[in-house]
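Single-letter residue listing:
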Amino acid sequence: MSDVEETQTMVRTQVAVDEVGFLLAQGQSIEDFKDHVEHALHAGGGFVDFIAVGDRSMSVLITPASRVVVSVETVQLDPRDAGDDAAPYGGVFDML
């Protein structure tokens, strides 16, 4: 046995819409999010829904003038981040 404890990690996706950042909850498909953004854009505008860290339901209005940036990184595992908006936890989690 090793005395070295292995750190568990997860992939964290950050989405910025018009320079306001949100961290997507685990289980949120970034490909689905991008598809919904593109659909809203082609429709001339519309809301895109997703679950943010803290398991909170979010909606952002996408218009032809919106700027959306997506970034992905590996971070230490946060077991509270289940992607379940029926069990949100409090605090400021997406103030980047």
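Residues numbered from 1 in each chain as written. Predicted model: local features only at pLDDT ≥ 70, side-chain atom pairs only at ≥ 80, totals over all residues. Heavy atoms only, no water.

Caption draft 1: The pairing of strand β2 (residues 20-24), seen in detail. A large share of β2 lies buried, amounting to four of its five residues. Sheet topology places strand β1 (residues 9-17) next to β2; five bridges connect them, and they run antiparallel. Looking at the pairing, Q14 lines up with L23 of β2. Hairpin connection from β1 to β2: two residues lie between these consecutive antiparallel strands, with D18 at a positive phi of about 50°. (Buried < 20%, exposed > 50% of the residue type's maximum accessible area, 1.4 Å probe, protein only. Helix = DSSP H or I, 4+ residues; strand = E, 2+ residues; numbered from the N terminus. Pairing = 2+ DSSP bridges.)

Caption draft 2: Representation of unusual backbone geometry within the structure. Not every positive phi belongs to a glycine, and E19 is a case in point at roughly 70°. Within the secondary structure, E19 sits in the loop between β1 and β2.

Caption draft 3: Main features of the packing of aromatic side chains. Going through the model one piece at a time under the given rule, you end up with two aromatic pairs. Centre to centre, the rings of F22 and F50 are 5.6 Å apart; their planes meet at 75°, and the pair counts as edge-to-face. Residue F22 is found in strand β2, and its partner F50 is found in strand β3 (residues 46-52); the two are separated by 28 residues along the sequence. Here F33 and F50 contribute two aromatic rings whose centre-to-centre distance is 5.5 Å and whose plane-to-plane angle is 90°, an arrangement assigned as edge-to-face. Of this pair, F33 sits in helix α1 (residues 30-42) while F50 is found in strand β3, placing the two residues 17 residues apart along the sequence. (Phe/Tyr/Trp six-rings, centres within 6.5 Å; stacked < 30°, edge-to-face > 60°.)

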